[in-house]
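# Coordinate analysis (summary)
Each chain, written out:
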Amino acid sequence: MTKVTSFGICLPFFRPDGMLASMRLAISPRSAIAVAGLLAWAAIGLELWSGPLIATALGAAFPVHGLAKSLHLVFLLVFMVSVAVRGHDAAQFALAIVLSVITLVLVALYRYNSAAALLIVPMLTFARLSSIRMLAIIMVLLNALLLSIVLMFRQMDAPLTYVSLHASLQLFAVMVSRFAQKTEQARDMLASAHAELLTTRGMLAESARHQERLRLSRELHDVAGHKLTALQLNLAAMTHNRRLDQAAMVALCSRLTEELLSDLRGMVHQLRLHDGLDLGATMHRLAAPFPRPLVVLEIADDARVATLDQAEALLRTFQEGLTNAARHSDADHVWAILSRDGEGVSLVIRDDGRGHGHVRAGHGLTGMREQLQAMGGDLQFGRSGDTGFHLHAWLPVAWS
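Report on the accompanying structure. Every value quoted in this text rests on a predicted model; they were computed, and no experiment measured them. (Residues numbered from 1 in each chain as written. Predicted model: local features only at pLDDT ≥ 70, side-chain atom pairs only at ≥ 80, totals over all residues. Heavy atoms only, no water.)

### Some thoughts on the packing of aromatic side chains
For the record, the criterion: Note on aromatic pairs: the rings of Phe, Tyr and Trp (six-membered ring only in Trp) are paired at centre separations within 6.5 Å, and the planes decide the class, stacked below 30 degrees, edge-to-face beyond 60, tilted for the rest. Helix numbering and strand numbering both begin at the N terminus, where a helix is a DSSP run of H or I of at least 4 residues and a strand a DSSP run of E of at least 2. Each residue's exposure class comes from its accessible area (1.4 Å probe, protein chains only) as a fraction of the maximum for that residue type: buried when under 20%, exposed when over 50%, partly exposed otherwise. Note on geometry: a ring has a charge over it if NZ (lysine) or CZ (arginine) is within 6 Å of the ring centre and within 35 degrees of the ring normal.
Applying the stated criterion across every chain yields a total of 2 aromatic pairs. With centroids separated by 5.1 Å and ring planes inclined at 65°, the aromatic side chains of Phe 93 and Phe 126 adopt a geometry described as edge-to-face. Highlighted residues: Phe 93 in helix 3 (residues 89–109) and Phe 126 in helix 4 (residues 120–129), separated in sequence by 33 residues. Given a relative accessible area of 25%, Phe 93 falls into the partly exposed group. Seen in terms of ring centroids, Phe 381 and Phe 389 are 6.3 Å apart; in terms of plane orientation they differ by 35°. Their pairing is tilted. Comparing Phe 381 with Phe 389 shows no difference in burial state: the two are buried. Between Arg 350 and the ring centre of Trp 335, over which it is positioned, the NZ or CZ distance is 4.4 Å.

As structure tokens, this is what we get:
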């Protein structure tokens, strides 16, 4: 059900009943950048592979046709590697530098080309990984190098205009990228607030169920107590007063017994419906807003807790696991299993993310562990294999 901020394309189609409908395809920013980069690379390739190449003074010393085409293919290879590398900011930054160098070399090899437009591709990576100050320094440095290469190796009438045009394209790409980041952060905050609301709504629903269970318990006490008292009084009267109509008294006691048995059966059925707090519905609602990563839930029927505090602790842990997988692991799938484990309830969450290094507990995980331990439970977490993340929460079940 995925998380990374996405936009959609609505494709119209006709349903079997003949009505026009639409289908929304979600596209993540990473995929959009990859497509844009491939289109830019292909556009420059039309010029390199189909048009005549006029070498500069530097390019004349080399087989410029073969070298330019080889660098064009190398650019594609490096770009695809940078797209595939996830969760390694330093590696992506270094690959963006390599893409910038390849582009500048292409500009220096032959005249009258548009290869400088490829600088937009690494600038998108720089915009995502750098601060505003660092980004400004990188942009000024790259365009200063571009201007130097144009002045040294090309014979152009308006080199400043040429460089300014490409700098404006880079600035536009950077602004779009920064705006996408802000939008993603805002969406993260909105998704977090939405998850909080869903959790709170689930807790209110479970609170209502808890109150209903208490009401049934009081009703059981009142109804059963009243009829048992009446039955006891009638039996005592039959024992001490032989002049009473024995057949009528027996019939009355029989009727009270049948009514009491019927009442008890109905209340036991209702109490079984409220045998602990059911977390499944709330967990499904929490997982629903996540288009990515895809959340796969496995919830046992007997995996219930006794108190609202226990339900809140497990729901908060589940929410934290989903948020971490979406924000930090860049995972494609998350598996969550809620089950009975001995005298307790176990919640296991794992993902196929691309994180690396030692996992350090932030405020969220630390708070979850402290809350669970205060109730006699525990929280363990770490890497699943080389990259994925997993956490295991456990709570004792007081009502079992």
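Still more ground to cover, so stick around.
### Describing the packing of helix 8 (residues 280–287) against helix 9 (residues 308–329)
What counts is decided by this rule: Structural elements are reduced to axes, namely lines fitted to C-alpha atoms, with helices fitted over the stretch in contact, and the angle between N-to-C directions of any two is expressed from 0 to 180 degrees. The cut-offs work like this: below 35 degrees is roughly parallel, past 145 is roughly antiparallel, 65 to 115 is roughly perpendicular, and the gaps in between are oblique. Helix crossings are classified by the rotation of the near helix relative to the far one: an anticlockwise turn of less than a right angle makes the crossing left-handed, while a clockwise turn makes it right-handed. Throughout, a contact is declared for two residues whenever any of their heavy atoms are within 4.5 Å. Following the grouping adopted for this structure description, the nonpolar residues are Ala, Val, Leu, Ile, Met, Phe, Trp, Tyr, Cys and Pro, the charged ones are Asp, Glu, Lys and Arg, and the polar ones are all others, Gly among them.
Where helix 8 contacts helix 9, the two axes come as close as 11 Å, and the packing angle between them is 20°. In this view, helix 8 runs roughly parallel relative to helix 9, as classed from their interaxial angle. Regarding helix 8 and helix 9, the two cross each other, and that crossing is right-handed. On the side of helix 8, the interface is formed by Thr 282, Met 283, Leu 286 and Ala 287, while helix 9 contributes Leu 315, Phe 318 and Leu 322. Of the residues contributing to the contact of helix 8 with helix 9, the split by class is 6 nonpolar, 1 polar and no charged.

### Observations regarding the environment of Val 78
Tracing the chain through its elements places Val 78 in helix 2 (residues 64–84). Along the sequence, Val 78 and Val 98 sit 20 residues apart, while their C-alpha atoms lie 7.7 Å from each other. When near neighbours in sequence (up to four residues on either side) are disregarded, Val 78 contacts Leu 95, Val 98, Leu 99 and Ile 102.

### What about the packing of helix 3 against helix 4?
Contact pair helix 3 / helix 4: the axes reach a minimum separation of 8 Å and the direction vectors enclose 150°. Judged on the interaxial angle alone, helix 4 and helix 3 are roughly antiparallel. Helix-helix and strand crossings are classified by hand; for helix 3 and helix 4 the assignment is left-handed. Between helix 3 and helix 4, the contacting residues are Asp 89, Gln 92, Phe 93, Ala 96, Ile 97, Leu 99 and Ser 100 on the first element and Val 121, Pro 122, Thr 125, Phe 126, Arg 128 and Leu 129 on the second. Split into classes, the residues belonging to the contact of helix 3 with helix 4 amount to 8 nonpolar, 3 polar and 2 charged.

### Looking at the environment of Val 74
Within the secondary structure layout, Val 74 lies in helix 2. Residues Val 74 and Ile 102, 28 residues apart in the sequence, show an inter-C-alpha distance of 8.2 Å.

### Examining the pairing of strand 9 (residues 344–351)
Note the cut-off: Strands are treated as partners if at least two bridges between them are detected by DSSP.
Within strand 9, 6 of the 8 residues are buried, which leaves the element mostly enclosed by the surrounding structure. As consecutive antiparallel partners, strand 8 (residues 333–341) and strand 9 are separated by 2 residues, and within that stretch Gly 342 has a phi angle of approximately 65°, a positive value. For strand 9 and strand 11 (residues 388–396), the ladder comprises 7 bridges, and the chain directions are antiparallel. By the bridge assignment for strand 11, Val 348 is matched with His 392.

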